[in-house]
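# Understanding the architecture of this molecule
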Amino acid sequence: KGVFSIPLPALPSDVDVAVASTSTLFYPYLAVTAVSTPQQRELMAFAVLVACAFPHRVRARSHNQEEIRAQKRLSIEVLPNRPATKKEAADSGTTIERAASMPWFPTHNTMCNGKPCRPGEGNLKGYRMWVQPYIHREEFVQSRSRRPPHPPDPNTHYAELIGVARQVQWHGFVIMTAGDWDFRQIVLNWVVHLQRLRYTNALVLSMDLELHGELLSRQIPSVDNSANLDAWNNTCLQRHIQRVRMERQLALAALTAAGIDVLLTDATVVFVRDFWPFLSSIPRFSEIDVLVQREGGPAEAAHRIGCAINAGFVYVRATKWDAVLSLLNEVVSRGLVEFYNRWNNVVDQLGWSFVVASQVGELRPPNPRGLSSKRPQRSR
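Residues numbered from 1 in each chain as written. Predicted model: local features only at pLDDT ≥ 70, side-chain atom pairs only at ≥ 80, totals over all residues. Heavy atoms only, no water.

Time to look at unusual backbone geometry. Of note, the amide linkage connecting Gly-297 to Pro-298 takes the cis form, showing an omega dihedral of 15°. Here Pro-298 shows up in the loop between strand 9 (290-295) and helix 12 (299-305). A positive phi is found at Gln-219, a non-glycine position, where the angle reads about 60°. (Helix = DSSP H or I, 4+ residues; strand = E, 2+ residues; numbered from the N terminus.)

Right under this line is the structure:
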């Protein structure tokens, strides 16, 4: 009875061993990585001894988290046929009574009551900090993949995008935004303002077939990206807008890999003056590989380099496409890790900000000697 310990031999740094216990059983759970060195073989022999002593208590622990999540996905119901639990209601920021009428997933519709949805009508409403209009299931979300569903390959998943981009490009440069049927008027406003400035190299990454059809009927360059967006359904990103924001970063990476320079903007960015002379007048602009808009948060990144990164205004040059592609892949991967700020839709901004903050040096000027970093108190 009670907790006991078994002395372990000295372990090399590349061996991972985990010993844990439950609240009622005190036999150790031992996990050992692959065996290759003599020290590791000695350790494995020790593990076998423990397994012989407690065969029903020792378990091997997989170090591939994706395999663990894949196993969980097989056992967790995707669309429950039951009422929400009190914990699920609390995690969603609502009462058990209100949860009874809430959907299990955030919805995105293009048809509402048998008619095309009005702008802003097709996406679920009611998002607030600590409150969401669908039921959150912690175990289900944690079982989803935290890897992008496909690579930014310009020859496969994004072949249509590359084809359209090469048709509209101007000196190897395109301007792109992303949107869906719910945001069609905002997307049209973005296009019209660029057309007034006589930019013919703009295109839209349409996240549903309805927006794609609407834009083609108006002879606006568009790419049907709905299949790539649907592939995110098996990932940890639950909200439609989270998937849209992350998918546009993969599209940006694919264009860069194809040798195309891109200015990616939110559809809410409205160009009222010719911007290219301003951009090209930036000192040493021809040497810039990535140009981004500054942002106030997340605070951890802003504290390190003085600002964060806004993922809604990004210019990338394809000259060093392999390095830029590596950066964008890391942005997407980091955003999937940081996604769990589930009250925040800007998963791509989190990815951009944390990756850039981790790769650059400390840019904030040191505190001058003798000056306090505290805010001065207001005199009464």
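Once the structure has been displayed, the description carries forward.
The buried count for strand 10 (residues 308-316) comes to nine of nine residues, which makes it a mostly enclosed element. Taken together, the four bridges between strand 8 (residues 261-265) and strand 10 define a ladder with antiparallel strand orientation. Bridge pairing in strand 10 links Leu-264 to Val-314. Relative to strand 10, strand 9 is paired through six bridges, and the arrangement is antiparallel. Considered in strand 10, the bridge of Arg-294 is made with Ile-309. (Buried < 20%, exposed > 50% of the residue type's maximum accessible area, 1.4 Å probe, protein only. Pairing = 2+ DSSP bridges.)

This part is about empty space enclosed by the protein. Enumeration over the complete set of coordinates arrives at two cavities of 30 Å³ or more. The computed volume of the second largest cavity comes to approximately 40 Å³. When grouped by side-chain class, the residues that make up the lining of the second largest cavity number six nonpolar, two polar and one charged. (1 Å grid on protein atoms, 1.4 Å probe; cavity = no way out; pocket = protein on both sides within 12 Å on 5 of 7 lines; lining within 4 Å. Points joined across faces, edges and corners; volume = space filled by probe spheres on them. Nonpolar A, V, L, I, M, F, W, Y, C, P; charged D, E, K, R; others polar.)

The next subject is the nonpolar core. Counting 48 residues, the largest nonpolar core has Leu-161, Met-176, Leu-255 and Trp-352 as its most contacted members. Take this core: its biggest share by element is nine residues, from helix 10 (residues 240-257). Beyond its immediate stretch of four places on either side in the chain, Met-176 contacts Leu-161, Trp-190, Leu-203, Leu-205, Arg-248, Ala-251, Leu-252, Leu-255, Val-262, Leu-263, Leu-264 and Thr-265. (Core = buried A, V, L, I, M, F, W, Y, C linked by side-chain atoms within 4.5 Å. Contact = heavy atoms within 4.5 Å.)

This part is about the layout of surface pockets. Within this model, the largest pocket holds a volume of roughly 570 Å³. Surrounding the largest pocket, 27 residues form its lining, Asn-123, Asp-180, Phe-183, Ile-241 and Val-244 being those nearest its centre. Mapped onto the lining of the largest pocket, the elements with two or more residues apiece are strand 5 (173-179), helix 7 (184-196) and helix 10. Tallying contributions element by element places helix 10 first for the lining of the largest pocket, with five residues. Each residue belonging to the lining of the largest pocket can be placed in one class, and the counts come to eleven nonpolar, nine polar and seven charged. When its volume is computed, the second largest pocket comes out at roughly 300 Å³.

Moving on, we come to the packing of helix 13 (residues 321-338) against helix 14 (residues 347-359). Where helix 13 contacts helix 14, the axes come no closer than 7 Å and their chain directions differ by 115°. Judged by the twist between their axes, the crossing of helix 13 over helix 14 is right-handed. Taking contact as the criterion, the partners of Leu-327, Leu-328, Glu-330, Val-331, Arg-334, Gly-335 and Glu-338 in helix 13 are, on helix 14, Val-347, Asp-348, Leu-350, Gly-351, Trp-352, Phe-354, Val-355 and Gln-359. Class assignment of the residues belonging to the contact of helix 13 with helix 14 gives a composition of eight nonpolar, three polar and four charged. (Axes fitted to C-alpha atoms, helices over the stretch in contact; angles between N-to-C directions. Left-handed = near helix turned anticlockwise from the far one by under 90°.)

Take the sheet that holds strand 9 next. Sheets are built from strands that pair by backbone hydrogen bonding, the pairs being arranged parallel or antiparallel. An order of 7-6-5-8-10-9 is seen for the six strands of this open sheet, with the pairing classed as mixed. Looking along the sheet, the strands with just one partner apiece sit at the ends: strand 7 (222-224) and strand 9. Neighbouring strand axes in the sheet, compared pairwise and without regard to direction, differ in orientation by 30° on average. Together, strand 5, strand 6 (202-206) and strand 7 form the strand contacts of helix 6 (residues 159-168), whose direction differs from that of strand 6 by roughly 165°.

By definition, a disulfide links the sulfur atoms of two cysteines through a covalent bond. For the coordinates displayed, the defined rule picks out one disulfide. The disulfide partner of Cys-112 is Cys-117, and the S-S distance across this bridge is 2.0 Å. With the S-S bond torsion at 90°, the cross-link from Cys-112 to Cys-117 turns out right-handed. Cys-112 sits in the buried class, given a relative accessible area of 13%. (Disulfide = S-S within 2.5 Å.)

A few words on the packing of aromatic side chains. According to the stated counting rule, one finds ten aromatic pairs in the structure shown. Consider the rings of Trp-170 and Trp-276, whose centres lie 6.1 Å apart with planes at 90°: the pair is edge-to-face. With Trp-170 in the loop between helix 6 and strand 5 and Trp-276 in helix 11 (residues 276-280), the pair connects residues that are 106 residues apart, well separated along the chain. Residue classification places Trp-170 among the partly exposed positions, given a relative accessible area of 41%. Arranged with centres 5.7 Å apart and planes meeting at 85°, the rings of Trp-276 and Phe-285 form a pair that is edge-to-face. Phe-285 sits in the buried class, given a relative accessible area of 7%. Here a set of aromatic residues connected by ring pairs shows up, and it is made of Trp-170, Phe-173, Trp-276, Phe-285 and Tyr-315. Here Arg-137 stacks its cationic end above the ring of Phe-140, 4.3 Å away from the centre of that ring. Directly above the ring of Trp-181 sits Arg-184, whose terminal nitrogen or CZ lies 3.8 Å from the centroid. (Phe/Tyr/Trp six-rings, centres within 6.5 Å; stacked < 30°, edge-to-face > 60°. Lys NZ or Arg CZ within 6 Å of the ring centre and 35° of its normal.)

Along the chain, the position of Met-246 falls in helix 10. For Met-246, a relative accessible area of 0% translates into the label buried. Those residues in contact with Met-246, other than ones at most four positions away along the chain, are Trp-232, Leu-237, Val-332, Gly-335, Leu-336, Val-347 and Asp-348.

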